[in-house]
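# Structural description and commentary
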Amino acid sequence: MNAEITAVWDKVQVMINGFIMLLPNIILALIVFTLFVVVGRAIKRLVKRLTRHHRYARNLGMVLGRLAQGITILVGLFVSLSIVIPSLKAGDLVQLLGISGVAIGFAFRDILQNFLAGILILLTEPFQIDDQIVFKGFEGTVENIQTRATTIRTYDGRRIVIPNSELFTNSVTVNTAFENRRLEYDIGVGYGDDIDRTKQLMLEAMHGVDVVLKDPAPDVLVMELAESTVNIRIRWWIKPPRRIDALESRDQVISAIKQKLYVENGIDLPYPTRQILFHDQTEETDGDRSRQREGWPKGKSEVPKPRSISGSLQRLAQIQNGNSKVRAHQDDNES
């Protein structure tokens with residue numbers, strides 16, 4: 001029993017002595033690792049400072065700064081390990097890094113996919129911060145493009161977080177990609193109104209709105225002969241093309257056209273109408289498909305006379321009498 005205790009104590013002493021011998025290396029490794037951490041933070045701040053005043057490189061600078069900081073800290077970790085464990089060779093570190101990288105890649109596949117997609121988005125720049133985009137059912141202003149996801153702020157004050165891989169592999173509509181944006185709206189006028197005069201009045205109304213650009217000029221196109229209206233499409237350009245500008249210009253243009261057409265010039269803006277025709281079963285031509293009018297106006301044709309009650313009774317008696325004769329004839333044949 002004493003021999004076992006002595007053996008255990010000897011092992012503990014060896015471990016303590018080994019730790020004491022490694023203590024200077026551990027302290028030196030901690031100092032070196034701390035220096036690498038400080039250097040990594042300094043590199044991150046430097047990259048952010050260099051790209052702070054450049055709108056197109058600002059977010060890319062943030063990502064590159066974080067990436068440089070991570071690489072610097074990783075190198076510091078390897079250097080510190082080589083100080084603590086002098087027998088650890090560079091080849092062993094590379095092999096360890098390769099095995100760890102494969103394991104991390106399988107474990108964090110989605111995270112790495114989003115990270116790479118974020119880098120590609122920042123490099124290709126299909127949109128930037130403060131752009132207004134539409135992605136699937138979401139629409140809003142881009143707040144931030146991070147390494148994992150992109151955040152947009154909706155127009156009703158909500159935040160949407162979209163994974164970068166989704167944005168990179170799907171269609172995105174960028175409403176603010178260009179300086180100008182064209183808007184359109186369909187207006188229905190009456191069939192009895194003069195189309196050319198109506199189009200001219202629409203153009204005058206749009207030219208009278210300040211937010212409508214003169215170049216490119218607005219235009220008016222007849223689009224459809226609908227059930228109760230002639231549909232005319234108005235198109236105009238605005239600058240800048242942001243959501244609030246589009247809403248304000250739409251309000252002003254539609255109001256100006258309604259005032260110009262309906263109020264000032266009496267152009268009809270009709271409601272949808274329906275014409276329902278009923279089959280008139282009170283006429284004496286009921287059942288005669290060559291003369292039955294089905295509720296249409298008479299036009300130049302002869303108007304069938306209405307069927308009287310006595311005539312209807314007489315017609316009914318004739319039908320019943322005819323049916324009786326048919327039955328009697330059938331009975332005679334059977335007998």
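The sections below set out a description of the structure shown in this document. On a predicted model such as this, the values are computed, not experimentally measured, just so you know.

What counts, and at which threshold
- Residues numbered from 1 in each chain as written.
- Predicted model: local features only at pLDDT ≥ 70, side-chain atom pairs only at ≥ 80, totals over all residues.
- Heavy atoms only, no water.
- Helix = DSSP H or I, 4+ residues; strand = E, 2+ residues; numbered from the N terminus.
- Buried < 20%, exposed > 50% of the residue type's maximum accessible area, 1.4 Å probe, protein only.
- Contact = heavy atoms within 4.5 Å.
- Areas by Shrake-Rupley, 256 points an atom, 1.4 Å probe, with all protein chains shown as cover.
- Expected span 1.5 Å × (residues − 1).
- Salt bridge = Lys/Arg side-chain N within 4 Å of Asp/Glu carboxyl O.
- Pairing = 2+ DSSP bridges.
- Patch = residues over 30% accessible without salt bridge, like charges linked within 9 Å, V, L, I, M, F, W, Y side chains within 5 Å.
- Axes fitted to C-alpha atoms, helices over the stretch in contact; angles between N-to-C directions.

## A closer look at the overall build of the protein chain
Tallying secondary structure elements over the protein chain gives eight helices and eight strands in all. Across the 335 residues that make up the protein chain, the buried fraction comes to 25%. For the protein chain, contacts bridging at least 24 residues in sequence account for 57% of all contacts bridging at least 6. Accessible surface computed for the protein chain: about 22,900 Å², of which carbon and sulfur atoms make up 59%.

## Examining helix α4 (residues 109-124)
An ideal rise of 1.5 Å per residue puts 22 Å on 16 residues; α4 measures up with 22 Å between its terminal C-alpha atoms. Listing the buried residues of α4 in full gives N114, A117, G118, I119, I121 and L122. A positive backbone phi angle near 55 degrees is found at E125, which sits one or two residues after α4.

## Details of the pattern of salt bridges
Charged atoms that come close allow side chains of opposite charge to pair. This model, assessed by the stated rule, comprises nine salt bridges. Across the salt bridge formed by K136 and E166, the nearest N and O atoms sit 3.3 Å from each other. Pair noted here: K136 is in the loop between β1 (132-135) and β2 (138-145) and E166 is in helix α5 (residues 164-169), with a separation of 30 residues, a long-range link. Note that E179 and K239 form a salt bridge whose closest N and O atoms lie 3.4 Å from each other. Separated by 60 residues along the polypeptide, E179 in the loop between β5 (173-174) and β6 (181-189) and K239 in the loop between β8 (230-238) and α7 (243-265) bring together distant segments of the chain.

## Overview of α7
Compared with the 33 Å implied by 1.5 Å per residue over 23 residues, the 32 Å span of α7 between its first and last C-alpha is a close match. Regarding α7, the residues found buried are A246, S249, V253, I257 and L261. Downstream of α7 by one or two residues, G266 has phi in the positive range, about 70 degrees.

## Considering unusual backbone geometry
Following D215, the chain continues to P216 via a peptide bond in cis, the omega torsion being 5 degrees. Among the structural elements, P216 can be located in the loop between α6 (195-207) and β7 (219-225). Put simply, K239 and P240 share a cis peptide bond, and its omega is 0 degrees. Of note, P240 is situated in the loop between β8 and α7. One non-glycine residue, E125, adopts positive backbone phi at about 55 degrees.

## A look at the sheet that holds strand β4 (residues 159-163)
Taken together, the five strands give an open sheet; going across it, the order is β4-β3-β2-β1-β5, and neighbouring strands pair in antiparallel fashion. Each edge of the open sheet is held by one strand with a lone partner, namely β4 and β5. Inspection of the sheet shows β2 paired to strand β3 (residues 149-154) by five bridges, in the antiparallel sense. Looking across to β3, one finds that N144 is bridged to T151.

## Comments concerning the side chain of S228
Topologically, S228 is positioned in the loop between β7 and β8. For S228, a relative accessible area of 16% corresponds to the buried category. The contacts of S228, once residues within four sequence positions are left out, are Y191, P270, Y271, P272 and T273.

## Topic: a nonpolar patch on the surface
Side chains of L64, L67, I71, V75 and V79 sit close together on the surface and give an oily, nonpolar patch of about 370 Å² of accessible area. With respect to the element layout, L64 can be found in helix α2 (residues 58-84).

## As for the sheet that holds β7
Taken in spatial order, the three strands line up as β6-β8-β7 in an open sheet, and their pairing is antiparallel. Edge positions in the sheet fall to β6 and β7, since each of these pairs with one other strand and no more. Adjacent strand axes in the sheet meet at a mean angle of 25 degrees, parallel and antiparallel pairs treated alike. Pairing of β6 with β8, which is carried by nine bridges, proceeds in the antiparallel orientation. Residue pairing across strands places D186 opposite R233, the latter belonging to β8. Its contacts with the sheet put α7 on β6 and β8, and the angle it makes with β8 is roughly 135 degrees.

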